[in-house]
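Chain by chain, the residues:
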Amino acid sequence: MASLLKKLFGRSEPRIATIKPFDVQVAVDGSQTLLEAALAEGVPFPHNCTVGTCGSCKCRLIEGKVSAITDFGYTLSKQELDAGYILACQAQLKGPITVEVESPGADLPAPEQFQGKIVKSIDLTHDIKAVTVSLDRQIDFVAGQYADITVPGLPARSYSFATAPERGGRREVTFFIRKVPGGQFTEKLFAGALDNAEVGLNGPHGTFFLRGGEAPIVCIAGGSGLAPLLSILQHARKNRVRRECVMLFGARTQADLYQVTEIREIARDWLPSLRFVPVLSHEPADSDWQGLRGLVTEHIAAMLPKASPADIQGYMCGPPPMIDAAITVMTDLGIPLQSIHYDKFTDASTTAR
Ligand SMILES: Cc1cc2nc3c(=O)[nH]c(=O)nc-3n(C[C@H](O)[C@H](O)[C@H](O)COP(=O)(O)OP(=O)(O)OC[C@H]3O[C@@H](n4cnc5c(N)ncnc54)[C@H](O)[C@@H]3O)c2cc1C
Ligand code: FES
């Protein structure tokens, strides 16, 4: 039958994917990805980049086998791979499969297309700017989410909202953007070529947001990864969230720390307590720095909130190697993989490796 179909249609027999919790079955052509087939059938499968970098289409393979167009390991952690997670946008079926899509457990606003203009660009450090975009109308987002920004002639780039959302939406949104040497978008931005530029903004996207409950939280930010965590902390403070919190911020030197006053201000009002711990990896040994040194991941164990690790939630944003190392430390300490939430700030070099 398979060879007859192949002869008749000149391509391979469709394979069937059962997608939970929607409990739908879709036929997936040999040349299609799981995501393409699901979307073609109208299944509301979470997704964004479609090229294996954002992690939005992450799902758990319960049964069957798939092959990966781009290695899932660029975006997923070793622990997620071991637990059977795959990326639907990079998965082709080897036979019938069953996958489970995790429900975000919250009503996330549907992404929309906006027009905007870069109206402010302020240096936070020598290589991180706070960039403010004024939009053609209000945007509704959940603290921790991100948007895709486009300027003419360049592909879209993802940036996390750095401020808390407002009831009724925000007309001006701010992002913390780090200069990536050789990067198409950021080199232009830091050269001033995008000052007052018209931009397109698509969003909000992503499922990185503060989960409910009373679990103590440990947040880890690296570089511009502070943006979504600051948004989450500001929003939580505004809404009088009462959860023990530790906020670790990894940077190279004192010159790479920023928004420290803002975080200390949040910590002052936070109940029952927010402990802010900056950690510097390349601070000169003879400097006046009194704080912690080394890699931020080396200090997680000693800084964990006082609770059973099984009850702690982890939230992390920043460079992929930091996230991967932190997931290993956290899961080794007993924090459940499902309680660890992150956005990896992947770029073109991540998938080109
Ligand atoms: C969900 C998400 C949220 C993000 N949020 C933020 C944020 O809040 N703040 C932030 O600063 N960043 C964030 N990022 C990263 C951001 O989207 C961009 O990837 C980053 O700014 C680099 O863009 P660029 O155009 O300057 O660099 P790119 O042009 O993408 O280049 C990046 C690097 O890759 C190298 N490169 C390009 N092509 C290749 C190749 N073929 N082989 C090898 N190397 C190559 C370049 O030389 C450069 O060093 C986020 C990413 C994701 C996925
Ligand atoms: S949609 Fe699959 S990783 Fe982004």
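Residues numbered from 1 in each chain as written. Chains lettered and ligands numbered in written order. Predicted model: local features only at pLDDT ≥ 70, side-chain atom pairs only at ≥ 80, totals over all residues. Heavy atoms only, no water.

**Q** What exactly am I supposed to notice about the sheet that holds strand β7 (residues 97-101) here?
**A** Two strands in a sheet stick together by hydrogen bonds in their backbones, pointing the same way (parallel) or opposite ways (antiparallel). Spatially, β2-β1-β7-β3-β5 is the arrangement adopted by the 5 strands of the open sheet, whose pairing is mixed. Looking along the sheet, the strands with just one partner apiece sit at the ends: β2 (24-28) and β5 (85-87). Averaged over neighbouring strand pairs, the angle between their axes works out to 40° when direction is ignored. (Pairing = 2+ DSSP bridges. Helix = DSSP H or I, 4+ residues; strand = E, 2+ residues; numbered from the N terminus. Axes fitted to C-alpha atoms, helices over the stretch in contact; angles between N-to-C directions.)

**Q** Just to check I follow, could you spell out the site of ligand 1 for this structure?
**A** Surrounding ligand 1, one finds 23 residues, the nearest of these being Arg157, Ser158, Tyr159, Pro181 and Thr186. Within the contact set of ligand 1, an oxygen atom lies 2.6 Å away from a backbone nitrogen or oxygen of Ser158. Separating an oxygen atom of ligand 1 from a side-chain N or O atom of Thr186 is a distance of 2.6 Å. Surface burial for ligand 1 is 78%, taken as the share of its 990 Å² of free accessible area covered by protein chains. Among the secondary structure elements, those contributing two or more residues to the shell around ligand 1 are β11 (157-160), β12 (170-178), α4 (184-190) and α9 (348-352). In terms of residues, the shell around ligand 1 owes the most to one element, β11, which gives 4 residues. A class-by-class count of the residues in the shell around ligand 1 yields 10 nonpolar, 9 polar and 4 charged. Counting residues domain by domain, the shell around ligand 1 receives three or more from each of domain 2 (112-205) and domain 3 (217-346). (Near = heavy atom within 4 Å. Polar contact = N/O pair within 3.5 Å; in protein donor to acceptor, adjacent residues only side chain to side chain. Areas by Shrake-Rupley, 256 points an atom, 1.4 Å probe, with all protein chains shown as cover. Nonpolar A, V, L, I, M, F, W, Y, C, P; charged D, E, K, R; others polar. Domains from an automatic or database assignment.)

**Q** Looking at this structure, I do not really get unusual backbone geometry. What am I missing?
**A** Apart from glycine, the bulk of residues carry a negative phi angle, and the bulk of peptide bonds sit in the trans form. Look at the link from Gly203 to Pro204: it is a cis peptide, with omega at 5°. Within the secondary structure layout, Pro204 lies in strand β13 (residues 198-205). In this structure, Pro272 follows Leu271 across a cis peptide bond, with omega equal to 0°. Along the chain, the position of Pro272 falls in the loop between α6 (260-269) and β16 (274-280). A positive phi angle, near 50°, is found at Asp23, a position not held by glycine. Within the fold, Asp23 resides in the loop between β1 (15-20) and β2. Classification of Asp23 as exposed rests on a relative accessible area of 57%. (Buried < 20%, exposed > 50% of the residue type's maximum accessible area, 1.4 Å probe, protein only.)

**Q** Got a minute to help me understand the pairing of β1 in this structure?
**A** Looking along a regular strand, one sees the side chains alternate between the two faces of the sheet. Bridge count for β1 against β2 is 5 bridges, and the pairing is antiparallel. Across the sheet, residue Ile19 finds its bridge partner in β2, namely Val24. Linking two consecutive strands that pair antiparallel, namely β1 and β2, is a turn of 3 residues; a positive phi of about 50° is found at Asp23 within it. As paired elements, β1 and β7 share 4 bridges and run parallel to each other. Along β7, the bridge assignment pairs Thr18 with Thr98.

**Q** Teacher, can you tell me more about the confidence of the model for the protein chain here?
**A** Parts of the model with low pLDDT should not have their predicted coordinates read in detail. Summing up the model confidence of the protein chain, the mean pLDDT is 93 and the portion of residues at 70 or higher is 95%. Below a pLDDT of 50 lies the segment residues 1-5, which in the model reaches 4 contacts outside its immediate sequence neighbourhood of four places, other chains included. (pLDDT = per-residue confidence, 0-100. Contact = heavy atoms within 4.5 Å.)

**Q** Help me understand the packing of aromatic side chains, please; the structure alone is not making it clear to me.
**A** Aromatic rings considered in pairs are described by the distance between their centres and by the relative angle of their planes. One pass over the full model with this rule turns up 6 aromatic pairs. Note on Tyr159 and Phe185: the rings are 5.4 Å apart at their centroids and 35° apart in plane angle, and the pair reads as tilted. A residue pair is termed long-range when its members are at least 10 positions apart, and Tyr159 in strand β11 and Phe185 in helix α4 qualify at 26 residues. Ring geometry for Phe249 versus Tyr258: centroids 5.6 Å apart, planes at 85°, classification edge-to-face. Across the pair, Tyr258 and Phe249 agree in class, each one buried. (Phe/Tyr/Trp six-rings, centres within 6.5 Å; stacked < 30°, edge-to-face > 60°.)

**Q** Is there a simple way to think about the nonpolar core in this case?
**A** Side chains of nonpolar character tend, in soluble globular proteins, to be buried together. Judged by nonpolar contacts, the single largest core of 47 residues is most densely connected at Ile19, Leu34, Phe45, Ile86, Ile220, Leu248 and Met316. Residue contributions to this core peak at 5 residues, all from helix α8 (residues 320-333). Split by domain, the residues of this core number at least three in each of domain 1 (2-101) and domain 3 (217-346). In this structure, Ile220 is in contact with Leu229, Leu248, Val296, Ile300, Tyr315, Met316, Cys317, Met322, Ala326 and Met330, ignoring residues within four places of it in sequence. Counting 32 residues, the second largest nonpolar core, distinct from the first, contains Ala227, Met247, Leu274 and Leu280. (Core = buried A, V, L, I, M, F, W, Y, C linked by side-chain atoms within 4.5 Å.)

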